[in-house]
Amino acid sequence: QVQLVESGGGLVQAGGSLRLSCVASGSIWSSYAMGWFRQASGKEREFVAAINWSGMSTYYVDSVKGRFTISRDNAKNTVYLQMNSLKAEDTAVYYCAAAAWSTGTPTGDGLYDYWGQGTQVTVSL
């Protein structure tokens, strides 16, 4: 069993930055692929970024490429999402997720086994 707890959300002006953190519990978390998803009000949850177990491979949705960076520190059981040049359309609840059976960078939410409770990111104009 893996438990995930996100933090770092908040209110920021357009063009600003935030760093989200997701702390995981569980002895084999470091072998899991990790992902960030987001869900804006009235919209479906969408994939944002993923990182493989070693941190050597990452993947991003086109809309955040060049602005967001996913990383992980397995010694700290933590995955991060650095978000720069934020836009109003980045406003959403952000969720981290863990995929126990993936060796790559999964993008489908059905491939993830564990989810955090979410953290709100609001970008104002």
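About the thresholds
- Residues numbered from 1 in each chain as written.
- Predicted model: local features only at pLDDT ≥ 70, side-chain atom pairs only at ≥ 80, totals over all residues.
- Heavy atoms only, no water.
- Helix = DSSP H or I, 4+ residues; strand = E, 2+ residues; numbered from the N terminus.
- Rg over C-alpha atoms; globule rule 2.2 N^0.38 Å.
- Buried < 20%, exposed > 50% of the residue type's maximum accessible area, 1.4 Å probe, protein only.
- Pairing = 2+ DSSP bridges.
- Lys, Arg positive; Asp, Glu negative; His and termini not counted.
- Salt bridge = Lys/Arg side-chain N within 4 Å of Asp/Glu carboxyl O.
- Polar contact = N/O pair within 3.5 Å; in protein donor to acceptor, adjacent residues only side chain to side chain.
- Contact = heavy atoms within 4.5 Å.
- Axes fitted to C-alpha atoms, helices over the stretch in contact; angles between N-to-C directions.

Before going further, it helps to examine the overall build of the chain. For the chain, the helix and strand inventory stands at 0 helices and 11 strands. For the chain, the sequential pattern of α-helices and β-strands runs β-β-β-β-β-β-β-β-β-β-β. The C-alpha atoms of the chain give 13 Å as radius of gyration, which agrees with the globular expectation for 125 residues (14 Å, within 12%). Overall, the C-alpha framework of the chain stretches about 40 × 25 × 25 Å when taken along its three principal axes.

All right, on to the pairing of strand 11 (residues 119-124) then. Residue alternation in strand 11 divides its side chains into a buried set, Thr119, Val121 and Val123, and an unburied set, Gln120, Thr122 and Ser124. Relative to strand 11, strand 2 (residues 10-13) runs parallel, the two sharing 4 bridges. Counted as the bridge partner of Leu11 is Thr122 from strand 11.

Here the focus is unusual backbone geometry. One non-glycine residue, Asn77, lies in positive phi territory at about 55°. Among the secondary structure elements, Asn77 is positioned in the loop between strand 7 (68-73) and strand 8 (78-83). Phi at Ser85 takes a positive value of approximately 50°, unusual for a residue other than glycine. With respect to the secondary-structure elements, Ser85 resides in the loop between strand 8 and strand 9 (92-99).

With respect to the helices and strands, Glu6 occurs in strand 1 (residues 3-7). Of the buried charged residues, Glu6 lacks a salt bridge, with Arg45 as the closest side chain of opposite charge at 8.7 Å. Engagement of the side chain of Glu6 in a polar contact is seen with the backbone nitrogen of Gly118, the distance being 2.9 Å. Residues within four places of Glu6 in sequence aside, it is in contact with Ser21, Cys22, Trp36, Tyr94, Tyr95, Cys96, Gly116, Gln117, Gly118 and Thr119.

A few words on the sheet that holds strand 8. Spatially, the 4 strands line up as an open sheet ordered 1-3-8-7, and their pairing is antiparallel. Of all strands in the sheet, those bounded by a partner on one side alone are strand 1 and strand 7. For this sheet, the mean inter-axis angle between neighbouring strands, taken without regard to orientation, is 15°. For strand 7 and strand 8, the ladder comprises 6 bridges, and the chain directions are antiparallel. If you follow Phe68 over to strand 8, its bridge partner there is Met83.

What follows is about the environment of Gln13. Along the chain, Gln13 falls in strand 2. In this structure, the C-alpha to C-alpha distance between Gln13 and Met34, residues 21 residues apart in sequence, is 27 Å. The contacts of Gln13, once residues within four sequence positions are left out, are Val123 and Ser124.

Moving on to the pattern of salt bridges. Between side chains of opposite charge, a pair can form as their charged atoms come close. This model, assessed by the stated rule, comprises 5 salt bridges. Between Glu46 and Arg38 there is a salt bridge; the shortest N-O distance is 2.6 Å. Owing to a relative accessible area of 32%, Glu46 belongs among the partly exposed residues under this scheme. Residue classification places Arg38 among the buried positions, given a relative accessible area of 5%. Residue Asp90 pairs with Arg38 through a salt bridge whose shortest N-O separation is 2.9 Å. On the criterion of sequence distance, the pair formed by Asp90 in the loop between strand 8 and strand 9 and Arg38 in strand 4 (residues 33-39) is long-range, its members being 52 residues apart. Comparing Asp90 with Arg38, the two get one shared label, buried. Residues joined by salt bridges that share partners form a network here, namely Arg38, Glu46, Arg67 and Asp90.

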